[in-house]
Amino acid sequence: MALTMRLHISPCPNDTFIFHALIHGLVDTEGLDFDVRFDDIEALNRAAIERDGEEDVIKISYAALPEVAGAFRLLDSGSALGHGNGPLLVSRRAIGAEEWREARVGIPGERTTANRLLSLLFPEAIHKRAMLFSEIAPAVAAGELEAGVLIHEGRFTYAAQGLQLVADLGELWERRTGLPIPLGGIVLHRRHGAEMAERVARVIRRSIEYAQAHPEASAEFVRTHAQELEAEVRQKHISYFVNDYSLSLGAAGLEAVLRLTALDRSVLL
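The following refers to the structure shown. (Residues numbered from 1 in each chain as written. Predicted model: local features only at pLDDT ≥ 70, side-chain atom pairs only at ≥ 80, totals over all residues. Heavy atoms only, no water.)

1. Concerning the pattern of salt bridges
- Inspection of every chain in the model, using the stated rule, returns 15 salt bridges.
- We note a salt bridge from Glu30 to Arg202, for which the minimum N-O separation is 2.7 Å. Residue Glu30 is found in the loop between helix 1 (13-23) and strand 2 (32-38), and its partner Arg202 is found in helix 8 (residues 193-213); the two are separated by 172 residues along the sequence.
- Using a relative accessible area of 35% as the deciding quantity, one classes Arg202 as partly exposed.
- Glu55 is the partner of Arg37 in a salt bridge, and the nearest nitrogen-oxygen pair spans 3.0 Å. Of the two residues, Arg37 is situated in strand 2 and Glu55 in the loop between helix 2 (41-50) and strand 3 (57-61); the sequence distance between them amounts to 18 residues.
- On the accessibility criterion, Arg37 (36% relative accessible area) is partly exposed. (Salt bridge = Lys/Arg side-chain N within 4 Å of Asp/Glu carboxyl O. Helix = DSSP H or I, 4+ residues; strand = E, 2+ residues; numbered from the N terminus. Buried < 20%, exposed > 50% of the residue type's maximum accessible area, 1.4 Å probe, protein only.)

2. A short note on the pairing of strand 6 (residues 88-91)
- What you see with strand 6 is no split at all: Leu88 and Val90 on one side and Leu89 and Ser91 on the other are buried throughout.
- As defined by bridge partners, strand 6 adjoins strand 9 (residues 147-150) across 4 bridges and the pair is classed as antiparallel. Bridge pairing in strand 9 places Leu88 opposite Leu150.
- As paired elements, strand 6 and strand 10 (residues 164-168) share 4 bridges and run antiparallel to each other. By the bridge assignment for strand 10, Val90 is matched with Leu165. (Pairing = 2+ DSSP bridges.)

Honestly, it's all geometry; don't read function into it.
Spelled out as structure tokens, the structure:
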């Protein structure tokens, strides 16, 4: 008898690309079925933190991991890490160093890795407004905010809205640490145990490998959930955020997570 897992992920192209095959039974799921629902990343973070017990497998920001590590175990596969794919800080005009303490800055959620990186790299930016990630660039362009931190497809479209790059927060992180940027990870509720964590990680890895070998299979599923993004942007999104670290964190990926979260390795696994 199949065991149903409640899967909670984002509708972004990297997640729908990664999970398409296992959701639709195109790979060996080792007796697991996945009941999926979708939410924005900050809603996912809140779900993991506030509704402990309702989620089985859930996508979270790595910045939220310290708050959920007691209830959830980090999986080795399904993560969004990498080089050159971090959040971007943008504005309509150049902002002087003395202006940051008064500048209104849009962020895609208090618990997001984007906000964590902003706090680490621009500690003087203290007037933050948490918003849906897709609303930040338009708010900056309209003058409602002086600056904003963009994630997901925002990094590919901000210039068309008349915005300029202030800083690539991911690049600054890489310069400082020499490590990939740990953006988001997949966690499993600890009631399932270590053996189940390895099982689910294998299934996710298998799903990624299928998606990479058969990209056309998930194309419609990705498009349906991508909020009308153009095909070129969807493909860029996948190529930026699905990589070898998605298949397995590896030593460098795990070290990056530990550096960002200040957690001990024994707490995560």
